[in-house]
Amino acid sequence: MRLITHNMLQCHVRGCNANNFPLELQEVVLEQEEAEMNEDFLRNMLGKLEYDALVATCHKLDINDLPVTLPEDAQYNEEFLQILHRIILETHVKSGKMVCPNCNHTYSIRDGIPNMLLAEHEV
Ligand SMILES: [Zn+2]
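What you see as residue numbers is a count from 1 along each chain, following the sequence as written. Note on the predicted model: pLDDT of at least 70 is required for a residue's local features to be given, and 80 or more for side-chain atom pairs to be given and counted; whole-chain, interface and lining totals, by contrast, use all residues. The side-chain quantities take in all heavy atoms of the structure and omit both hydrogens and water.

### A word on the packing of aromatic side chains
To describe a pair of aromatic rings, one takes the distance between the centres and the angle between the planes. Centres within 6.5 Å are what make two rings of Phe, Tyr or Trp a pair, Trp counting through its six-membered ring; a difference in plane orientation under 30 degrees is then read as stacked, over 60 as edge-to-face, and the rest as tilted. Applying the stated criterion across every chain, the model contains one aromatic pair. Between Tyr51 and Phe80, the aromatic rings sit 6.2 Å apart at their centres with planes inclined by 50 degrees, giving tilted as the arrangement. A residue pair is termed long-range when its members are at least 10 positions apart, and Tyr51 in helix 3 (residues 51–60) and Phe80 in helix 4 (residues 78–88) qualify at 29 residues. The exposure class of Tyr51 is buried, given its relative accessible area of 8%. Note on exposure labels: buried denotes an accessible area under 20% of the residue type's maximum, exposed denotes more than 50%, and partly exposed covers the range between, all computed with a 1.4 Å probe on protein chains only. By relative accessible area, Phe80 is classed as buried at 3%. Secondary structure elements are defined from DSSP: runs of H or I of at least 4 residues count as helices, runs of E of at least 2 residues count as strands, and each element is numbered from the N terminus.

What follows is the structure, given as structure tokens:
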């Protein structure tokens, strides 16, 4: 699971509608996998990313390369886009878990795939 995917996941347990994002990554194993950089894609993602959540998640993973606030010139800031590319597209969570900050539901990640399925009583 790439960090860009994590940035789009929120808890979907029934009744858990507030403070359910970002899911807290715990006990994760990370792996870097090179991917071709596509600046247009990154520029397009800038408007969709929850940037504060991304920075907070990175800090918990001890990844401290991103500026705390989105640079005003982010779209044309080559250095920033490269860092962003490396973090959201090349950093993969191979295993671990994600815990909802609101209801504490735990979603496991195995072989790089998050299990977002819920038990019947949670749907
Ligand atoms: Zn929840």
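Now that the structure has been shown, we can carry on.
### Let's talk about the nonpolar core
By nonpolar core we mean a set of buried residues, namely Ala, Val, Leu, Ile, Met, Phe, Trp, Tyr and Cys, connected to one another through side-chain atoms within 4.5 Å. In this structure, Leu66, Leu84, Ile87, Ile88 and Met98 are the most contacted members of the largest nonpolar core, which totals 35 residues. If you list the elements that add at least two residues to this core, you get helix 1 (3–6), helix 2 (39–46), helix 3, helix 4, strand 2 (91–99) and strand 3 (106–110). Per-element tally for this core: the top contributor is helix 4, with six residues. Excluding residues within four positions of it along the chain, Leu66 makes contact with Tyr51, Leu54, Val55, Cys58, Phe80, Ile83, Leu84 and Ile87. Any pair of residues with heavy atoms lying within 4.5 Å of one another is described as a contacting pair.

### Looking at the sheet that holds strand 1 (residues 24–32)
Between any two strands, at least two bridges found by DSSP are needed for them to pair. Here we have four strands laid out as an open sheet, ordered 1-2-3-4, and antiparallel in their pairing. Where the open sheet ends on each side, the last strands, each with one partner, are strand 1 and strand 4 (113–114). Of the strand pairs in this sheet, strand 2 and strand 3 are connected by four bridges, and their pairing is antiparallel. Bridged to Gly96 within strand 3 is Ile109.

### Details of helix 4
For helix 4, every residue scored as buried is listed here: Phe80, Leu81, Ile83, Leu84, His85, Ile87 and Ile88. Tucked inside the fold, the buried residues of helix 4 contact helix 1, helix 2, helix 3 and strand 2.

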